[in-house]
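Coordinate inspection notes
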Amino acid sequence: MRYGTSPDVLRDISFSLAPGSFHFLTGASGAGKSSLLKLIYLAQRPSRGEITLFGQDVGRAPRDALPALRRRIGVVFQEFHLLDHLTVFDNAALPLRVTEQRTDLYRSDVSELLQWVGLGARLESYPPTLSGGEKQRLAIARAVVNRPDILLADEPTGNVDHAMALRILRLLVELNRMGATVLIASHDEDLVARSGMPVLHLDDGVLTRQPPRSAPGRDTAPS
Amino acid sequence: MSEIEARQTDAERRRITPLLPVTDGRDGGLVFTVAVLAFIACLAVIAALAADRAAQGWTSDLSASVTLQVRPKGGDTGPEAAARAAEAVAGVKGVVEARALDRKSAEALLEPWLGKDNIPQDLPLPQLVTVDLDPKAPASLASLNAALATAHLDASVDDRQRWMSDVRRAADLVRLAAVVACLILAAAAGSVIAFATRQGLAARRDVVEVLHLCGAEDQFVANLFMGRFAVLALQASAYGALAAAAGGAGLRLLGGSDGFSPALPIAWQDLAICAGAPILAALVAALSARSAAMAILRAQP
Ligand SMILES: Nc1ncnc2c1ncn2[C@@H]1O[C@H](COP(=O)(O)OP(=O)(O)OP(=O)(O)O)[C@@H](O)[C@H]1O
Ligand SMILES: [Mg+2]
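Attention in this report is confined to the structure presented alongside it. Please read all numbers here as calculations on a predicted model, not as lab measurements. (Residues numbered from 1 in each chain as written. Chains lettered and ligands numbered in written order. Predicted model: local features only at pLDDT ≥ 70, side-chain atom pairs only at ≥ 80, totals over all residues. Heavy atoms only, no water.)

Moving on to the overall build of chain A. Each helix and strand in chain A was counted, giving seven helices and eight strands. Here the C-alpha radius of gyration of chain A, 17 Å, is about what a compact globule of 223 residues would show, namely 17 Å. For chain A, the C-alpha atoms occupy an extent of roughly 50 × 45 × 30 Å along the three principal directions. The buried share of chain A, taken over its 223 residues, is 52%. Distance between charge centroids for chain A: 2 Å, based on 26 positive and 25 negative side chains. (Helix = DSSP H or I, 4+ residues; strand = E, 2+ residues; numbered from the N terminus. Rg over C-alpha atoms; globule rule 2.2 N^0.38 Å. Buried < 20%, exposed > 50% of the residue type's maximum accessible area, 1.4 Å probe, protein only. Lys, Arg positive; Asp, Glu negative; His and termini not counted. Charge placed at Lys NZ, Arg CZ, Asp CG, Glu CD.)

All names here are of chain A. Direction vectors running N to C along helix α3 (residues 88-97) and helix α4 (residues 103-116) enclose 125°, while the axes themselves pass 10 Å from each other. Here α4 runs oblique to α3, going by the angle between their axes. Regarding α3 and α4, the two cross each other, and that crossing is right-handed. Residues Val88, Phe89, Ala92, Ala93, Leu96 and Arg97 of α3 form the contact with α4, whose participating residues are Tyr106, Arg107, Val110, Ser111 and Leu114. (Axes fitted to C-alpha atoms, helices over the stretch in contact; angles between N-to-C directions. Parallel < 35°, antiparallel > 145°, perpendicular 65-115°, else oblique. Left-handed = near helix turned anticlockwise from the far one by under 90°. Contact = heavy atoms within 4.5 Å.)

For the rest of this paragraph, the subject is the coordination of the magnesium ion (ligand 2). Protein-derived ligands of the magnesium ion (ligand 2) are Ser34 of chain A (OG) and Gln78 of chain A (OE1), with the metal-ligand distances lying across 1.8 to 2.2 Å. In this pair, Ser34 of chain A sits in helix α1 (residues 33-40) while Gln78 of chain A sits in the loop between β4 (73-76) and α3, placing the two residues 44 residues apart along the sequence. (Donors = N, O, S within 2.8 Å, 3.2 Å for Na, K, Ca; no water.)

Turning our eyes to something else, we now look at the interface of chain B and chain A. You'll often see interface size given as the accessible area lost when the parts meet. Across the contact, 26 residues belong to chain B and 27 residues belong to chain A. Across the chain B to chain A interface the summed buried area is about 2400 Å²; carbon plus sulfur atoms make up 60%. If you look at where chain B meets chain A, you find two salt bridges. Between Asp218 of chain B and Arg63 of chain A there is a salt bridge, with its nearest N and O atoms 2.4 Å apart. Along the contact surface separating chain B from chain A lie five residue pairs in polar contact (both at pLDDT 80 or more). For the side of chain B that touches chain A, the secondary structure elements donating two or more residues are α1 (3-16), α7 (205-213), α8 (218-254) and α9 (276-298) of chain B. Tallied by class, the residues present in the side of chain B that touches chain A amount to 14 nonpolar, four polar and eight charged. (Buried area = accessible area lost by both parts, 1.4 Å probe. Salt bridge = Lys/Arg side-chain N within 4 Å of Asp/Glu carboxyl O. Polar contact = N/O pair within 3.5 Å; in protein donor to acceptor, adjacent residues only side chain to side chain. Nonpolar A, V, L, I, M, F, W, Y, C, P; charged D, E, K, R; others polar.)

Attention now moves to the sheet that holds strand β1 (residues 65-71) of chain B. All names here are of chain B. What the four strands build is an open sheet, ordered β2-β3-β1-β4; its pairing is antiparallel. In this open sheet, the two edge strands, each paired with only one partner strand, are β2 (95-100) and β4 (154-157). In this sheet, neighbouring strand axes are inclined to one another by 25° on average, regardless of whether the strands run parallel or antiparallel. Here five bridges tie β2 to strand β3 (residues 127-133), and the two strands are oriented antiparallel to one another. (Pairing = 2+ DSSP bridges.)

Let's shift gears to the sheet that holds strand β6 (residues 181-185) of chain A. All names here are of chain A. Pairing is mixed across the open sheet formed by six strands, whose spatial order is β4-β5-β6-β1-β7-β8. Unpaired on one side and paired on the other, β4 and β8 (206-210) mark the two borders of the sheet. With strand direction ignored, the average angle separating the axes of adjacent strands in the sheet is 20°. Direction of pairing for strand β1 (residues 22-27) relative to strand β7 (residues 199-203): parallel, over a ladder of four bridges. Each bridged residue has a counterpart across the sheet, and for Thr26 the counterpart in β7 is His201. Lying on the sheet, helix α5 (residues 132-144) is in contact with β4 and β5 (150-154); it crosses β4 at an angle near 170°. Contacts between helix α6 (residues 162-177) and the sheet are confined to β1, β5 and β6, with β1 contributing the most and set at about 135° to the helix.

Quick look at the site of ligand 1 now. Residue and element names in this part refer to chain A. In the neighbourhood of ligand 1, 13 residues make up the surrounding shell, with Ser29, Gly30, Lys33, Ser34 and Ser35 lying closest. At 2.5 Å from an oxygen atom of ligand 1 is found a side-chain nitrogen or oxygen belonging to Ser29. One of the side-chain N or O atoms of Gln78 is found 2.9 Å from an oxygen atom in ligand 1. The fraction of the free accessible surface of ligand 1 (630 Å²) that becomes covered by protein chains is 61%. (Near = heavy atom within 4 Å. Areas by Shrake-Rupley, 256 points an atom, 1.4 Å probe, with all protein chains shown as cover.)

Residues and elements named next belong to chain A. Checked against the element boundaries, His201 lands in strand β7. Under the relative-accessibility criterion, His201 is labelled buried at 11%. Looking at His201, its side chain comes within polar contact range of the side chain of Thr26, at 2.7 Å.

This next bit is on the packing of α8 of chain B against α9 of chain B. The geometry of a pair of packed helices is captured by two quantities: the angle between their axes and the separation between those axes. All names here are of chain B. With their axes 7 Å apart at the nearest point, α8 and α9 run at an angle of 150° to one another. By the criterion of interaxial angle, the relationship of α8 to α9 is roughly antiparallel. Along this stretch, α8 crosses α9, giving a crossing that reads as right-handed. Residue classes in the contact of α8 with α9 are distributed as 21 nonpolar, two polar and two charged.

Once that is clear, we can look at the pattern of salt bridges. All names here are of chain A. For the structure shown, the criterion picks out 16 salt bridges over all chains. Two residues, Arg60 and Asp57, come together in a salt bridge whose shortest N-O distance is 3.3 Å. The class of Asp57 is partly exposed, set by a relative accessible area of 28%. Salt-bridge contacts for Arg97 lead to Asp90; the nearest nitrogen and oxygen are separated by 3.7 Å. Residue class for Arg97 comes out buried when judged on its relative accessible area of 16%.

Pasting the structure below:
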């Protein structure tokens, strides 16, 4: 996969995620973690190769088939992509709103979810008034509000302190227990090790599978 | 207020929160521009209608009457021949009234050239008959000539057809100019609305992208922008149209019951045309917002 005429950002990558699994995606900055996630959440099309989601080749799926697929994928973007003119509640409810569901059908669900991520008191606030960690949790709430089959998170602990990072990790693990296939891009080696989850490592556009890391802080050299 | 009531008002507020920002830095300028264009376009249409009415007035005034010049022959005196000619054409279908001009009226016609009281009593004046025609179905020249021939009168019908067609052509030109001016203005207004809509939409690219990534269908996003800009154009052009209607009403009142002047006779019903401007503007805005939104969306995978 490449952007425009630039050299390949990702190449010869072949992997599959078992339904209900939990993986970390690691790699140096610029290694292509976000790019790989973009391919999965259908914000980029592969220049070559095949991407199969839910048993469907989405790399070549027609445009009008994509919204339905996107609704089964929850994404926590690296830059959040919250809408500043909408309240916390409306931001979290966005994936439901674009399906034109009636507000009164999901109002209590959304409020409950926001309660769960610790934003219960901020329903009517606007994103610019939130702290980095609060934005992060709002982005997570929006990603999971739809009960997606796949949850992708790009640096979901990039803006928060260690305690908050662990809290977010617990939240993601909880979502995984509820059935979602989770893939998290992260720099945070300590967090990756603590989670005890298997790792996909990207280096120079090549992906390798690595076993769960046992000791906190230990860095496994890519093979 | 009880907690339940508080929740209900919350709920009501949420239901109507628009997905697009209500206030947008550009909207003030856009509203003003659209209002001004609608104002000018409405005035142009009103002026075009008035010009059309004026042009119609000229030609109908002209075709409403014809002059006969009678040359007495046989035993008739001039006035007798004129009287007989008036009688003969009065019966023709499409003639409302025919009057022989008496000497005094004929002298009055010559006054501008010869001056008052300078006309010698024995000057032979042409015997003239004015024939008022039915403006809706005027008698043809041929039928008038036939009636005169039957009465054995030697008379020529003043042939106004040639220069009347010039006047008609001028009137048509005025109409055409007014219509062209209206079309150009409407096109300018339309393209400004389209341009401004595209600008406003580009400024909202972030919203388009986020909605897109959240699984919104293209149609859903396009409809949001269509509705937003259609309402904006509707409101803005309503201001302009109202101002134009008020201006037109002012001209109408100033001009009294005959309109501003015979050259620009505005009728009250002309002002109703202003109601069309907001609808047209909303339509243009909706279409251009749709195409602009679709262009941004199609750039997304
Ligand atoms: N939209 C884009 N257009 C062109 N090149 C891009 C674009 N996005 C990313 N790249 C390039 O692709 C490569 C991989 O970027 P990517 O964002 O996937 O890295 P990353 O692993 O997510 O890095 P980080 O850990 O800093 O977020 C980089 O060299 C980057 O410059
Ligand atoms: Mg990244």
